[in-house]
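Residues per chain, in single letters:
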Amino acid sequence: MAISRVSGFFKLSVEERLNFITNELKFNEEEKNLLLGLTPFPIKTASSMIENAVGLMPIPLGIATNFKINGKDRFIPMATEEPSVVAAASNAAKAAYEKGGFFTSLSGSIMRGQIQVLDIADPYAAMARIYEKKDKILEICNAKDPTLTSLGGGAIDIEVNVIKATNQSMLVIHLLVDTRDAMGANAVNTMAEAVAPFIETVTSGRVVLRIISNLADRRLARARAVFSAEQLGGTAIVKNIVSAFEFAEYDPYRAVTHNKGIMNGISAVVLATGNDTRAVEAGAHAYASVSGRYRSLTKWEINQDGDLSGSIELPMAVGIVGGATKSHPIARLALKVLDINSAEDLAGSIAAVGLAQNLAAMRALAAEGIQKGHMALHARNLAMMAGANENEIDQIVQQAVKEKDVRYDRILDLTKQIQMGVVNGK
Ligand code: MEV
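Note that this is a predicted model, so its numbers are computed, not measured.

Enquirer: I tried to follow the sheet that holds strand S6 (residues 169-178) on my own but got confused; where do I start?
Expert: Neighbouring strands of a sheet are bound in pairs by backbone hydrogen bonds; such pairs are parallel or else antiparallel. With respect to topology, four strands assemble into an open sheet ordered S5-S6-S4-S7, the strand pairing being antiparallel. Of all strands in the sheet, those bounded by a partner on one side alone are strand S5 (154-164) and strand S7 (206-213). Averaged over all neighbouring strand pairs, the angle between strand axes comes to 20°, with direction disregarded. Alignment of strand S4 (residues 110-118) against S7, held across six bridges, turns out to be antiparallel. Bridge pairing links Leu118 to Arg206 in S7. The strands touched by helix H5 (residues 123-132) within the sheet are S5 and S6, with S5 carrying the most contacts at an inclination of about 175°. Lying on the sheet, helix H8 (residues 185-203) is in contact with S4, S5, S6 and S7; it crosses S7 at an angle near 155°.

Enquirer: Is there a simple way to think about the packing of aromatic side chains in this case?
Expert: Centre distance and the angle of the planes are the two values used to describe a pair of aromatic rings. In the structure shown here, the tally under the stated rule is five aromatic pairs. Among the aromatic residues, ring-to-ring pairing joins Phe67, Phe102, Phe227 and Trp300 into one connected group.

Enquirer: Just checking my understanding: could you explain the site of the ligand for this structure?
Expert: Close to the ligand lie Glu82, Arg254, Thr257, His258, Lys260, Gly261, Asn264, Ala361, Leu365 and Ile370. Between an oxygen atom of the ligand and a side-chain N or O atom of Lys260, the distance comes to 2.7 Å. Between Asn264 and the ligand, the recorded distance is 2.9 Å, taken from a side-chain N or O atom to an oxygen atom. When the ligand sits alone it has 300 Å² of accessible area, and the protein chains cover 84% of it. No other element matches helix H11 (residues 252-272), which puts six residues into the shell around the ligand. Of the residues contributing to the shell around the ligand, the split by class is three nonpolar, four polar and three charged.

Enquirer: Sorry, what's going on with the environment of Asn240 here?
Expert: Here Asn240 is to be found in helix H10 (residues 235-250). Sequence spacing of Asn240 and Gly37 is 203 residues, and the spatial spacing of their C-alpha atoms is 43 Å.

Enquirer: Help me out: how do you make sense of H10 in this one?
Expert: Every α-helical turn comprises 3.6 residues, leaving residues that sit three or four positions apart pointing alike. With 16 residues, H10 should reach 22 Å at 1.5 Å per residue; the first-to-last C-alpha distance of 23 Å fits that figure. Summarising the contacts, the buried residues of H10 are in contact with helix H9 (229-232), H11, strand S9 (298-302), strand S10 (308-315) and helix H15 (343-366).

Enquirer: Looking at this model, I keep getting lost on the packing of helix H17 (residues 390-403) against helix H18 (residues 408-419). Mind explaining?
Expert: The description of two helices packed together rests on the angle between their axes and the distance between the axes. At a minimum axis separation of 10 Å, H17 and H18 run at an interaxial angle of 135°. When the interaxial angle is binned, H17 and H18 end up oblique. The two elements H17 and H18 cross, and the hand of that crossing is right-handed. Contacts between H17 and H18 involve Glu392, Gln395, Ile396, Gln399, Ala400 and Glu403 from the first element and Arg410, Ile411, Leu414, Thr415, Ile418 and Gln419 from the second.

So, how was this worked out
- Residues numbered from 1 in each chain as written.
- Predicted model: local features only at pLDDT ≥ 70, side-chain atom pairs only at ≥ 80, totals over all residues.
- Heavy atoms only, no water.
- Pairing = 2+ DSSP bridges.
- Helix = DSSP H or I, 4+ residues; strand = E, 2+ residues; numbered from the N terminus.
- Axes fitted to C-alpha atoms, helices over the stretch in contact; angles between N-to-C directions.
- Contact = heavy atoms within 4.5 Å.
- Phe/Tyr/Trp six-rings, centres within 6.5 Å; stacked < 30°, edge-to-face > 60°.
- Near = heavy atom within 4 Å.
- Polar contact = N/O pair within 3.5 Å; in protein donor to acceptor, adjacent residues only side chain to side chain.
- Areas by Shrake-Rupley, 256 points an atom, 1.4 Å probe, with all protein chains shown as cover.
- Nonpolar A, V, L, I, M, F, W, Y, C, P; charged D, E, K, R; others polar.
- Expected span 1.5 Å × (residues − 1).
- Parallel < 35°, antiparallel > 145°, perpendicular 65-115°, else oblique.
- Left-handed = near helix turned anticlockwise from the far one by under 90°.

This is the structure in structure tokens:
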């Protein structure tokens with residue numbers, strides 16, 4: 001089993017990091033070349049994924065280290081354009097590693113499909129008629145997806161609501177579909193469309209919308225971990241972190257930024273594995289509001305040993321079969337990096353990354369502030385923009401950070417000076 005606890009991974013060159021991962025995960029040459037961009041992503045694949053494709057938009061893929069999830073070490077693939085995210089997740093995971101790492105669970109793999117029915121004379125009686133026909137409704141749905149039912153999934157139940165809108169009443173039928181290892185949007189939407197004519201017959205109404213709901217509240221991923229107070233910098237910082245959480249829990253202006261930080265980690269893994277970032281993000285933010293007020297997706301407490309105990313719960317509609325998870329060669333590789341065999345494991349691992357990401361942000365905010373960590377990475381980006389080569393970048397970054405002057409014009413100055421052989425001059 002690969003050991004994810006790696007120190008100084010960030011100090012290695014790209015080639016050294018890739019060699020390390022390639023050895024640990026037994027990647028072949030072809031897979032290695034794919035990551036390096038030496039085997040280009042086929043434009044034909046891009047063109048079959050979306051319409052009007054004209055090219056590709058590369059996003060860096062990083063690997064977060066130090067994650068132990070349910071007793072197993074995992075490397076975490078993260079696709080993101082934002083500096084500091086991968087390093088922050090790895091750092092936070094380090095503080096959990098020695099306390100046993102992350103433990104996760106999933107409430108199920110059930111997605112909801114919604115069917116909206118209008119123009120019903122007697123919506124409450126129609127609701128009762130729909131419940132009487134539940135078995136027939138499920139039968140029609142399941143006939144549409146024998147593969148899913150053969151894998152133990154399929155439509156399993158219904159829920160019906162009457163919505164009293166300002167100008168009309170409508171009936172909304174929820175199909176509850178166990179989508180197993182698939183995200184499930186295709187399966188659910190197909191079933192909702194297939195059963196609509198029967199729903200119209202039973203209700204004597206008119207079906208309009210037939211679509212999945214991204215508020216996947218029957219597919220909640222949970223993760224928890226204990227983070228060493230000592231590694232976080234001591235009791236005072238731990239207390240500040242809990243206060244930072246309470247700030248988010250009670251103030252939506254803070255909560256939305258706090259949750260954005262969580263999604264920095266979550267969306268990066270969702271994207272890397274070819275899953276639908278928008279579906280997960282919409283579900284997460286809706287779930288943050290289910291109490292009637294927008295709150296933190298995480299909870300933070302100090303445990304009996306004085307360590308920081310964190311937990312997270314949020315909808316996690318991700319799959320490991322279907323869509324880009326299979327058609328995108330790098331997404332397939334990302335699942336291999338994670339060593340994942342089920343959507344349940346993937347969902348739990350993603351929740352764990354969200355928890356780690358949140359801790360890293362709060363730790364920085366509660367101690368030295370967020371800018372210090374950002375500064376070196378920002379300087380690195382600017383140095384690249386200024387035309388510095390690999391050998392010059394470190395020197396420029398060090399100087400700019402030392403001067404606390406990470407502006408493009410200063411970095412450009414330093415780049416020119418270093419290229420002309422003038423070092424450390426200001
Ligand atoms: C920046 O991308 C994310 C943070 O703003 C999150 C937070 O404030 O908790 C640092």
